[in-house]
Amino acid sequence: MKQAGRVLRRPVPSSAFPWFPSAFGIKQRQIDALHAQLVATDPLIEKIKQKRPVRVSVTGGAGAIGYSLLFRIANGELLGPEVPIELTVIELPMALKAAEGVAMELEDCAFPLLDKLTITDNEEQGFDGCEIALLVGSKPRGPGMERADLIRENGKIFQKTGQTLNKFAEKYCRTTVVGNPCNTNALIACNNAPDIPARNFTAMTRLDHDRAVGFLAKKTMLPPNEINHLAIWGNHSATMFPDLTNTSCHGTPWHELIGEFYADRYWRNEFAPKIQQRGARIIQARGKSSAASAANACLNHTRDWCMGTETPDWCSMGVVSDGEHNVPAGLVFSYPVYCQDGAYKVVTTDDQPASSFWWWSEYSNYCIEQNVQELLAERDNVSDMLPN
Ligand code: NAD
Ligand code: LMR
């Protein structure tokens, strides 16, 4: 069972300081010192800890996701009930009137944490001094489309936004890309913001993660917080790999609950396709893409990144690959990650608790490779938007 607010694993890997002996906790003390240094130099985390107002900018605030997201941010569901928020909503000129209506509603809620509210169609003003950027504003797909069909049209939005963030946002700004295709849009934004560390750009695959947890919880008739160590690898597309290899349900390996003989068939033929196609099924049913669940995932993703993952668990996030698990460096790839104090760390076999996990099979290697190939093709498709 998860416990909120306690994080055991550190963003500084245990492989750091290979020359230090582990005996008497010597190596761990070095890791702790480096970690403390990282946290002390992170102004966003300092502000959160001191409960000072944090500047959050949201694009597409008058859209369907925005309408769920903004109220929950103002209600303290992003950074907790004690951190005031200075919220800026950035919209297209034609949607500004609708955004002003949303602003009136926000005011009418009298949220105690909402210190300041700005509505603008000027990105430069909207991202000035921004500390957390939630990039939602973009076109959603319709029935029969794949998310990658939006890549050229939406890519341009993220190119411009990357450039503006680079000039106007704080250098420590954390950016969560929601707009689809989110992995490659995050790559574009990151590439156009060379002065902001690449680690500060992430893509949201948390909705797939939460969907997968929800499905398995229903299947095993357990509460979702009893489902741990589930991972989404790769692209937020129909190719994504929902990985149950290390998943436990109430501390028991998932396949023992599902039934050893049926488990593999269930995973490959029922579970994985359900997650991969869930977004399309929602569009078929609603006529519009997921919105409230996407807003919820955006909050979960960004909150865990800033405040830490619950233990004993990890979460799934699209991050700029550093070559982990043989994924080409530079692709925005979804991995299982541990988060603590505003930093994330891709789970690798170096992590002591994770080294006891079982990692690769022919099936998982194949699925991950499919995602790598798809993301390389998406990157080629937008190479003209990647100046750096
Ligand atoms: P929507 O059409 O309801 O709203 C989009 C809003 O963005 C509109 O109000 C529009 O005016 C605004 N917008 C467009 N371009 C903008 C720009 N350059 N600057 C500022 N605002 C801009 O769409 P939605 O349902 O809110 O979805 C938004 C995006 O999120 C889509 O790309 C959708 O595919 C994506 N999405 C991603 C996930 C995920 O899991 N990653 C989940 C759901 C939706
Ligand atoms: C989702 O997964 O629901 C979103 O990415 C919207 C979509 O286009 O499927």
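Residues numbered from 1 in each chain as written. Chains lettered and ligands numbered in written order. Predicted model: local features only at pLDDT ≥ 70, side-chain atom pairs only at ≥ 80, totals over all residues.

J.: For this particular structure, what's the right way to read the site of ligand 2?
T.: In the vicinity of ligand 2, the contacting residues are Pro140, Arg141, Arg147, Asn180, Leu207, Gly279, Ala280, Ile282, Ser289 and Ser290. Here the shell around ligand 2 gets three residues from one element, more than from any other, and that element is helix H10 (residues 260-286). Considered class by class, the residues forming the shell around ligand 2 number four nonpolar, four polar and two charged. Taken domain by domain, the makeup of the shell around ligand 2 includes at least three residues from each of domain 1 (44-204) and domain 2 (206-380). (Near = placed C-beta within 6 Å. Helix = DSSP H or I, 4+ residues; strand = E, 2+ residues; numbered from the N terminus. Nonpolar A, V, L, I, M, F, W, Y, C, P; charged D, E, K, R; others polar. Domains from an automatic or database assignment.)

J.: Got a minute to help me understand the site of ligand 1 in this structure?
T.: Contacts to ligand 1 come from 29 residues, most closely from Gly60, Gly63, Ile65, Gly137 and Ala294. The leading source of residues in the shell around ligand 1 is helix H3 (residues 64-74), at three residues. Residues lining the shell around ligand 1 come from more than one domain, with at least three contributed by each of domain 1 (44-204) and domain 2 (206-380).

J.: Would you mind going over helix H7 (residues 182-191) with me for this structure?
T.: Every α-helix carries 3.6 residues per turn, so stepping three or four residues along brings you back to the same face. Most of H7 sits out of view: ten of its ten residues are buried. Inspection of H7 places Cys182, Asn183, Thr184, Asn185, Ala186, Leu187, Ile188, Ala189, Cys190 and Asn191 among the buried residues, and these make up the whole buried set. (Buried ≥ 20, exposed ≤ 12 C-beta atoms within 10 Å, placed from the backbone.)

J.: Before we go on, may I ask you to explain unusual backbone geometry in this structure?
T.: In most cases, non-glycine residues show a negative phi, while peptide bonds are predominantly trans. Here the bond from asparagine 180 into proline 181 is cis, since omega is -5°, no more than 30 degrees from zero. Position of proline 181 relative to the elements: it lies in the loop between strand S5 (174-177) and H7. At histidine 325, a residue that is not glycine, the phi angle is positive and equals roughly 55°. Residue placement: histidine 325 occurs in the loop between strand S12 (315-320) and strand S13 (332-340). Overall, histidine 325 belongs to the partly exposed group, with 19 C-beta atoms counted inside 10 Å.

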